[in-house]
Amino acid sequence: MSTVLITGATSGLGRYVAFELVRAGHTVLAHGRDPDRTAALAEELRAEGDAAGLVADLASLARVRELAARVAEARPGLDVLINNAGVGAGAPGAGRELSADGHELRLAVNFLAPVVLTRALLPVLRANTPARIVNVGSAGQEPLDFDDPEFTRGYQGFAAYCRAKFALAAHTFTLADELAGTGVAVNVLHPATFMDTAMVREGGVAPWNTVADGAPGVVALATRDLGTGGYFDGTDPARAHPATYDEDVRRRLTTVTDQLLAL
């Protein structure tokens, strides 16, 4: 059985997946932003099996690094990382928001945070192969503007969300190439379209699916050998935005990401 860290586990898809995994006998490290909700979740999970709660605000990259350090120290057997936490498009007409570090919020939480968390935990994952990284992406993908990665011009919340999810997919494929042969698999998936979550409802969208519809793909990638460097629509292999496979785009993304993280 695996030791799994899942971010954004206090509600929606993350919460559902956390219970699916702990009931299947896995050790679940459930991350949340709110201390009270995270503690309550951990208590519920422990009634089902081995679990712990971890609190961090992923809008702060310093807190992301602290989270990784805590996990590495307390759970050196970690072999699965599920980057699930995310910020949605926001309420219709809402303006551009910034993270604690001054980055555009959706880029910060949906892309930069998983990149930093993954990089920090790679030594642990590589020590516990076969290991798996599951990036919860979206079918909504829009190429990042490398001249304005922070979306300072013509900002739109849904477009910002789609740009971050594009970046996450492209990053997944680059990371899979880097980790080829190491025993660490990394994949990205679109769990289901417009699930019944607070994120979707805030965006003014009537849900099309339940979180139960989105869970099987995440659970499968976390618990089964489904290769590496793949994009999945639920449990089905699929294709991400064509530009996410472009080597020049991926090189530019790596450069821009490193520049943003160095700020």
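Definitions and limits used
Residues numbered from 1 in each chain as written. Predicted model: local features only at pLDDT ≥ 70, side-chain atom pairs only at ≥ 80, totals over all residues. Heavy atoms only, no water. Helix = DSSP H or I, 4+ residues; strand = E, 2+ residues; numbered from the N terminus. Rg over C-alpha atoms; globule rule 2.2 N^0.38 Å. Buried < 20%, exposed > 50% of the residue type's maximum accessible area, 1.4 Å probe, protein only. Contact = heavy atoms within 4.5 Å. Areas by Shrake-Rupley, 256 points an atom, 1.4 Å probe, with all protein chains shown as cover. Lys, Arg positive; Asp, Glu negative; His and termini not counted. Charge placed at Lys NZ, Arg CZ, Asp CG, Glu CD. Core = buried A, V, L, I, M, F, W, Y, C linked by side-chain atoms within 4.5 Å. Phe/Tyr/Trp six-rings, centres within 6.5 Å; stacked < 30°, edge-to-face > 60°.

### Focus on the overall build of the protein chain
Move 1: Counting secondary structure elements, the protein chain contains eight helices and eight strands.
Move 2: For 263 residues, the compact-globule estimate of 2.2 N^0.38 gives 18 Å, and the C-alpha radius of gyration of the protein chain, at 17 Å, lies within 12% of that figure.
Move 3: Summarising its shape, the C-alpha atoms of the protein chain cover approximately 50 × 40 × 35 Å along the three principal directions.
Move 4: Taken across its 263 residues, the protein chain has 54% of its residues classed as buried.
Move 5: Partitioning the intrachain contacts of the protein chain with sequence separation of at least 6 by distance along the chain shows that 71% fall at a separation of at least 24.
Move 6: A total of about 11,200 Å² of accessible surface is found on the protein chain, and carbon and sulfur atoms cover 49% of it.
Move 7: Both charge centroids of the protein chain, one from 23 positive and one from 31 negative side chains, sit 1 Å from each other.

### Quick notes on the environment of Leu61
Move 1: Note on placement: Leu61 falls in helix α3 (residues 61–74).
Move 2: We classify Leu61 as buried; its relative accessible area is 6%.
Move 3: Between the alpha carbons of Leu61 and Val109 there is a distance of 8.9 Å; along the sequence they are 48 residues apart.
Move 4: Once you skip the residues sitting within four places of it in the chain, Leu61 turns out to touch Asp101, His103, Leu112, Ala113, Val116 and Leu261.

### Some points on the environment of Leu125
Move 1: Mapped onto the fold, Leu125 is located in helix α4 (residues 105–126).
Move 2: Dropping the residues within four chain positions of it, Leu125 is found in contact with Leu78, Asp79, Val80, Leu81, Ala131, Ile133 and Val184.

### Focus: the nonpolar core
Move 1: One finds Leu5, Val71, Leu78, Phe111, Leu117, Leu121 and Ile133 to be the most contacted residues of the largest nonpolar core, which totals 45 residues.
Move 2: For this core, the secondary-structure elements that each account for two or more residues are β3 (51–55), α3, α4, β5 (131–136), α5 (157–178), β6 (184–190) and α8 (247–262).
Move 3: Grouped together as the second largest cluster of nonpolar side chains are 26 residues, Ile6, Ala18, Ala30 and Val218 included.

### A few points about the packing of aromatic side chains
Move 1: The final tally for this structure, using the stated rule, is three aromatic pairs.
Move 2: Both rings, one in Phe173 and one in Tyr245, keep their centres 4.7 Å apart while their planes meet at 10 degrees; by these two values the pair is stacked. Of this pair, Phe173 sits in helix α5 while Tyr245 is found in the loop between β8 (236–238) and α8, placing the two residues 72 residues apart along the sequence.
Move 3: For Phe173, a relative accessible area of 4% corresponds to the buried category.
Move 4: A relative accessible area of 23% means that Tyr245 is categorised as partly exposed.

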